[in-house]
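Reading the structure
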Amino acid sequence: MAQDSYVQSCDQSFAESVISAPDHPALAPAADEIIPLLIGSTIDHVERELVLHTLVRCNGNRTRAARMLGLSIRTLRNKIRLYTADGIDVPAHCD
């Protein structure tokens, strides 16, 4: 139970920081700014960017990132393994 409340707390604070982000307008672009950036991108590219940005937000914590993305940790590890094989830098866990 305590772990679930911790995850919900992390998820809520992440959502609030992205939604409000008054000090960092680049962190919370408007929808009309996001959509044009996505046009012409493949689903794989968009997914990769989402995974990598979530890992950065979670300081490389794969368990938290997997929960935020709604993925199993195994699926996230497999994606990270593919990204690494393609030569993409994946954020390491930071304490």
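Residues numbered from 1 in each chain as written. Predicted model: local features only at pLDDT ≥ 70, side-chain atom pairs only at ≥ 80, totals over all residues. Heavy atoms only, no water.

**Details of unusual backbone geometry**
Phi at N59 takes a positive value of approximately 55 degrees, unusual for a residue other than glycine. The exposure class of N59 is partly exposed, given its relative accessible area of 43%. (Buried < 20%, exposed > 50% of the residue type's maximum accessible area, 1.4 Å probe, protein only.)

**Structural notes on the pattern of salt bridges**
Within this structure, the stated rule accounts for one salt bridge. With a shortest N-O distance of 3.1 Å, K79 and E47 are connected by a salt bridge. Remark: E47 occurs in helix α3 (residues 43-57) and K79 occurs in helix α5 (residues 73-85); sequence separation between them is 32 residues. (Salt bridge = Lys/Arg side-chain N within 4 Å of Asp/Glu carboxyl O. Helix = DSSP H or I, 4+ residues; strand = E, 2+ residues; numbered from the N terminus.)

**Some remarks on the confidence of the model for the protein**
Confidence in the prediction for the protein averages 78 pLDDT; 67% of positions are at 70 or higher. A low-confidence stretch, residues 1-7 (pLDDT under 50), is modelled with three contacts involving residues beyond four sequence positions or located in other chains. Segment residues 13-25 is flagged for pLDDT under 50; beyond a separation of four residues in sequence, or across chains, it makes ten contacts in the model. (pLDDT = per-residue confidence, 0-100. Contact = heavy atoms within 4.5 Å.)

**Some points on the environment of V46**
Residue position: V46 is located in helix α3. Look at V46 and you get partly exposed, because its relative accessible area is 29%. Among all residues touching V46, those that are not within four sequence positions of it are L38 and S41.

**A closer look at the nonpolar core**
Core analysis: the biggest nonpolar cluster contains nine residues, these being V51, L52, L55, C58, A65, A66, L76, I80 and Y83. Mapped onto this core, the elements with two or more residues apiece are α3, α4 (62-69) and α5. Beyond its immediate chain neighbours, meaning those up to four positions away, A65 contacts T54, L55, C58 and L76. (Core = buried A, V, L, I, M, F, W, Y, C linked by side-chain atoms within 4.5 Å.)

**Concerning the side chain of K79**
The exposure class assigned to K79 is buried, which follows from its relative accessible area of 17%. Non-local contacts of K79, meaning those with residues more than four positions away in its chain, are made with E47, V51 and L71.

**What to know about the side chain of T54**
Along the polypeptide, T54 turns up in helix α3. Those residues within four positions of T54 in sequence are excluded, and the remaining contacts are A65, M68 and L69.

**Describing the packing of α4 against α5**
Between α4 and α5, the least distance of the axes is 9 Å, while the angle of their chain directions is 105 degrees. One way to sum up the angle between α4 and α5 is to call them roughly perpendicular. Each of R62, T63, A65, A66 and L69 in α4 lies in contact with α5, whose residues at this interface are I73, L76 and I80. Its residues assigned to classes, the contact of α4 with α5 comprises six nonpolar, one polar and one charged. (Axes fitted to C-alpha atoms, helices over the stretch in contact; angles between N-to-C directions. Parallel < 35°, antiparallel > 145°, perpendicular 65-115°, else oblique. Nonpolar A, V, L, I, M, F, W, Y, C, P; charged D, E, K, R; others polar.)

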